[in-house]
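Structure assessment
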Amino acid sequence: MNKKTVTDIDVNGKKAFVRVDFNVPLSSKDPNATITVTDDTRIRAALPTIEYLLDHGAAVILASHLGRPKTADDVQFAMKPVAAKLEEITGRPVKYVPAVMSDEVKAAAAALKPGEILLLENTRFHPGEKKNDPQLGADFASLADVYVDDAFGSAHRPDASVDGAAYAMREKGGPVVSGFLMNAEISALGVAVENPPRPYVAIMGGAKISDKIKLIENLLDKADKILIGGGMANTFLKAQGHNMGKSLVEEEALPEAKRLLEMSADRLILPVDVVTATEVSADAPSEVEMIWALSPDKMALDIGPATLERFNAELQGAQLVVWNGPMGVFEVAQFANGTNQLAHMLAAMVDNGATVIIGGGDSAAAVRKAGLTDKMTHVSTGGGASLELLEGRQLPGVVALDEK
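Residues numbered from 1 in each chain as written. Predicted model: local features only at pLDDT ≥ 70, side-chain atom pairs only at ≥ 80, totals over all residues. Heavy atoms only, no water.

Taken as a whole and judged by the stated rule, the model has three aromatic pairs. Between Phe17 and Tyr147, the ring centres sit 5.9 Å apart and the planes meet at 20°, which makes this aromatic pair stacked. Of this pair, Phe17 sits in strand β1 (residues 15-19) while Tyr147 is found in strand β5 (residues 146-149), placing the two residues 130 residues apart along the sequence. Ring centres of Tyr52 and Phe180 lie 5.4 Å apart, and the angle between their planes is 90°; this geometry places the pair in the edge-to-face category. Highlighted residues: Tyr52 in helix α1 (residues 41-55) and Phe180 in helix α7 (residues 180-194), separated in sequence by 128 residues. Here Tyr52 falls in the buried class, since its relative accessible area comes to 17%. Of the aromatic side chains, those joined through ring pairs into one cluster are Phe17, Phe140 and Tyr147. (Phe/Tyr/Trp six-rings, centres within 6.5 Å; stacked < 30°, edge-to-face > 60°. Helix = DSSP H or I, 4+ residues; strand = E, 2+ residues; numbered from the N terminus. Buried < 20%, exposed > 50% of the residue type's maximum accessible area, 1.4 Å probe, protein only.)

Structure representation (structure tokens):
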């Protein structure tokens, strides 16, 4: 995936339409409240691209979605608090227009000078965004001379600001390039997809197997071993004939689990013990049980110490590890040990020269909670996008970029 980046083009005196991922947590969903940004991680992640463009003489027009508004009347998802946070972080004025596309937007973009920032309204306030309306894409492209995609978290969505605007920019002869964050994502994940160093071990967790069947199939072609934990392990274990008590099991996915087990030729490594309780609660009594002797009234909520030892043994010598999905209900302290211990194991592997990629979503949250984000080789900002890329799918936001 050898795509052009902002450093491959001349941006001096140009206007850059930059698709960012400012889908940040907010203090309230009450439209009448004073709303602020409670976590600015995603805004800071885009700063290297924004600052590069500004420092090299470009004017920057930023577009992002925020939350899941149904219409523009869902004002609790307006970008105004994001504009305020961006001003605070950059120390630069941020012009904010409360419209996705209008005469006011076009006038503000036309008046924008090098070194200035314009933030558009939440792209999902426009009905044409999710429909990839060609007119909206063309309108976005008309605002600028260059299209820059730095929103890997949205790269799997064929929206007007992701897909349509990129092709409209190319049609008018402008460059379509990645920002630094997007480039880092496709470079890191591209290694796992195209030419993984070996041994390559994948770790899959999370609640459902049905969401990740295609991913596991693709990994069985690519990885040397796949370690399975979290709720999805329960379905595989039941498919092997174990009684899983009250554990979360996807009954409708059992045939697929059996098929994947048959395909795997013992390369799918499952838990041998689990932490169980009668309910998901911080004060529920818990114990470690072997998977062949699970209490009928208990549910598996984390991997146990013997499983951690087994996983550690399987990881020894791995040159590449990709992890997606927690090992248990990590939001509850007494069921977080498996996920936390695994995160520490992987951080130690990086110290010893292994490449460890965390595939966004809950895995990234777990690593962040453990204070180990900086210890990993790469922590993806896009849960759904990273999953689809690892599945071997073509992502609209990546395909649209100019090749080097």
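Having put the structure on the table, let's press on.
Here α1 crosses helix α2 (residues 80-90) at 60°, and the two axes come no closer than 11 Å. Comparing the axis directions of α1 and α2 gives the class oblique. Note that α1 runs across α2; the crossing there is right-handed. Every residue of α2 that contacts α1 at Ile43, Arg44, Leu47 and Glu51 is listed here: Val82, Lys85, Leu86, Ile89 and Thr90. Class assignment for the residues of the contact of α1 with α2 results in five nonpolar, one polar and three charged. (Axes fitted to C-alpha atoms, helices over the stretch in contact; angles between N-to-C directions. Parallel < 35°, antiparallel > 145°, perpendicular 65-115°, else oblique. Left-handed = near helix turned anticlockwise from the far one by under 90°. Contact = heavy atoms within 4.5 Å. Nonpolar A, V, L, I, M, F, W, Y, C, P; charged D, E, K, R; others polar.)

Tallying each qualifying case throughout the model produces 19 salt bridges. Between Arg42 and Asp21 there is a salt bridge, with the nearest N and O atoms lying 3.8 Å from each other. Here Arg42, found in helix α1, pairs with Asp21, found in the loop between β1 and α1; they are 21 residues apart in sequence, far enough to count as distant. The salt bridge partner of Arg170 is Asp402, with a shortest N-O separation of 2.5 Å. Of the two residues, Arg170 is situated in helix α6 (residues 160-171) and Asp402 in the segment after α15 (396-399); the sequence distance between them amounts to 232 residues. The buried category is assigned to Asp402, whose relative accessible area is 15%. By sharing partners, the salt bridges in this structure join Glu51, Asp55 and Arg92 into a single network. (Salt bridge = Lys/Arg side-chain N within 4 Å of Asp/Glu carboxyl O.)

Within the secondary structure, Glu129 is located in helix α4 (residues 127-130). Overall, the relative accessible area of 0% leaves Glu129 in the buried class. Among the polar contacts made by the side chain of Glu129, one reaches the side chain of Thr123 at a distance of 3.0 Å. Contact partners of Glu129, with chain neighbours within four places excluded, come to Arg19, Thr123, Arg124, Leu136, Phe140, Asp159, Ala160 and Ser161. (Polar contact = N/O pair within 3.5 Å; in protein donor to acceptor, adjacent residues only side chain to side chain.)

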